[in-house]
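Coordinate inspection notes
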Amino acid sequence: APPAALLDLQEPAANCQNGTAPVSTKIAAVPHTTAVLANGSSTKQKTIEEMAGNWADFKFAPIRESQVSRAMTRRYFADLDKYAESDIVIVGAGSCGLSTAYCLAKARPDLKIAIIEASVSPGGGAWLGGQLFSAMVMRKPADAFLREIGVPYEDADDDFVVVKHAALFTSTILSKVIQFPNVKLFNATVVEDLITRADGKGGIRLAGVVTNWTLVSMHHDDQSCMDPNTINAPVVISTTGHDGPFGAFSAKRLVSMGGLPALGGMRGLDMNTAEDAIVKGTREVVPGLIIGGMELSEVDGANRMGPTFGAMVLSGVKAAEEALMIFEL
Ligand code: 48N
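Every chain begins its residue count from 1, and numbering advances along the sequence as written. Given that this is a predicted model, residues contribute local features only at a pLDDT of at least 70 and side-chain atom pairs are listed and counted only at 80 or more, while totals for whole chains, interfaces and linings are drawn from all residues. Where side-chain values are given, they derive from all heavy atoms of the structure, hydrogens and water being excluded.

1. Focus on the confidence of the model for the chain
Our working rule: pLDDT gives the predictor's per-residue confidence on a scale running from 0 to 100. In this description, contact between two residues means that some pair of their heavy atoms is separated by no more than 4.5 Å.
This prediction gives the chain a mean pLDDT of 91; 90% of its residues lie at or above 70. Within the model, pLDDT remains below 50 along residues 1–17, and this stretch shows 30 contacts once partners closer than five positions in the same chain are excluded.

Right, dumping it as structure tokens:
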């Protein structure tokens, strides 16, 4: 019999905090399961326990590099084709954009939702609480959203709760959003313009977004003629934040194309006014374009709230409601 596996985590770490459960170091034995492959055949899946402590004979099945390339590119370009016509595009996968996507994808599994995120790593400013501190504060009643997505928190005070690490919130909502079958996240991809149509009343309405690889978009000044790609959608929800290389993108582009008279410009920090204004102000700014989260502070001249995130998630809830109203018209 192979030597006893070295890792045997019989009890989840949490139970060990108060020293009650025995802390052992073996990976818990999991039953054999059978995988049904795409071609319909089935294969017995190995367990970690079978591998642990038995590495001398370990071997991956042989593979050709092109199989990996095709596995990635086939799927990516199938998604690009599928989402070239989307129902909703969300620009920016920060706390507001991800909250919006969660609400929409759950409420309307029939809608195709594309999320365009400029950074390789989605999450925006929600990986840390403030000044690189890890705890994340959310003022009540935004704790309702944490319970909805299953993020544990400390009920620190009558008026706010604390998530032990902001990354716990962001990784949880990101994993839930990506798992929805009607959502596709295109990260490292930037919206570098908006697709517009005349609305027949002298104004514009949104008809989608213009995208490019972010790194390409950042080099338009030193390499010309790197034309973009496009995604058509009747509703665009812009949650691009107030800072960062492309911050407040849609608000600024609307002004430069005459869709908005001027930017309101984000005001100084005032938690009490900022969070209410962002949640209540989340709306369709021009036909087909909803703006939420901190990008809205640049549109309306709202105050900033600093290191508290309740308004971001509830602005996401409201942005989703605004989008559903458009679809239910
Ligand atoms: O986290 P952000 O910046 O934006 P929000 O509105 O989701 O959350 C804001 C929040 O993090 C705060 O700023 C807190 C509450 N502080 C307030 C304060 O007073 O300072 O996420 C925006 C995301 C980022 O991931 C960007 O990379 C992305 O949007 N992004 C874009 N993605 C695609 N195309 C673009 N043009 C673009 N611009 C930004």
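Following the structure, the description resumes.
2. Examining the packing of aromatic side chains
One pair of aromatic rings is described through two measures. These are the centre distance and the angle between the planes. To be explicit about the condition: The pairing test for Phe, Tyr and Trp rings, Trp by its six-membered ring, is centres within 6.5 Å, and the orientation test on the planes gives stacked under 30 degrees, edge-to-face over 60, and tilted for anything in between. In DSSP terms, a helix is any run of H or I states spanning at least four residues, a strand is any run of E spanning at least two, and both are numbered starting from the N terminus. Only Lys NZ and Arg CZ are tested; either one counts as a charge over a ring when it is within 6 Å of the ring centre and within 35 degrees of the ring normal.
Applying the stated criterion to the full structure yields eight aromatic pairs. Centre to centre, the rings of Phe-58 and Phe-60 are 5.1 Å apart; their planes meet at 80°, and the pair counts as edge-to-face. Plain terms: the ring middles of Tyr-76 and Phe-186 are 5.8 Å apart, the flat faces sit at 85° to each other, and that makes the pair edge-to-face. Residue Tyr-76 is located in helix H3 (residues 65–82), and its partner Phe-186 is located in strand E7 (residues 183–187); the two are separated by 110 residues in the primary sequence. Joined through ring pairs, the aromatic side chains of Tyr-76, Phe-77, Tyr-83, Phe-186 and Trp-213 make up one cluster. Positioned over the ring face of Phe-186 is Lys-184, at 5.4 Å from the centre of the ring.

3. Considering the layout of surface pockets
Just so we agree on the cut-off: The pocket and cavity definitions rest on a 1 Å grid over protein atoms only: a 1.4 Å probe that fits but cannot leave marks a cavity, an open set with protein on both sides within 12 Å along at least five of seven lines marks a pocket, and residues lining either have an atom within 4 Å of a point. Grid points are joined across faces, edges and corners, and a volume is the space filled by probe spheres set on the points. Three categories are distinguished: nonpolar for Ala, Val, Leu, Ile, Met, Phe, Trp, Tyr, Cys and Pro, charged for Asp, Glu, Lys and Arg, and polar for the others, with Gly belonging to the last.
For the largest pocket, the calculated volume is near 910 Å³. Looking at the lining of the largest pocket, the elements that each hand over two or more residues are helix H4 (95–107), strand E4 (113–117) and strand E8 (189–198). Here the element with the most residues in the lining of the largest pocket is E8; it accounts for three residues. In terms of residue class, the lining of the largest pocket is built from 19 nonpolar, 21 polar and three charged.

4. Here we look at the sheet that holds strand E11 (residues 235–238)
What counts, and what does not: Strand pairing requires that DSSP identify at least two bridges connecting the strands. Only C-alpha atoms enter the line fits that serve as axes; for helices the fit covers just the stretch in contact. Angles between N-to-C directions range over 0 to 180 degrees.
Strands sit in the order E7-E4-E3-E11-E14-E13 across an open sheet of six strands; the sheet is mixed. Looking at strand neighbours, the two that pair on one side only are E7 and strand E13 (283–286), the edges of this open sheet. Here the strands of the sheet are splayed against their neighbours by 25° on average, with no regard to which way each runs. Relative to E4, strand E3 (residues 88–91) is paired through four bridges, and the arrangement is parallel. Each residue of the ladder has a partner; that of Ile-90, found in E4, is Ile-115.

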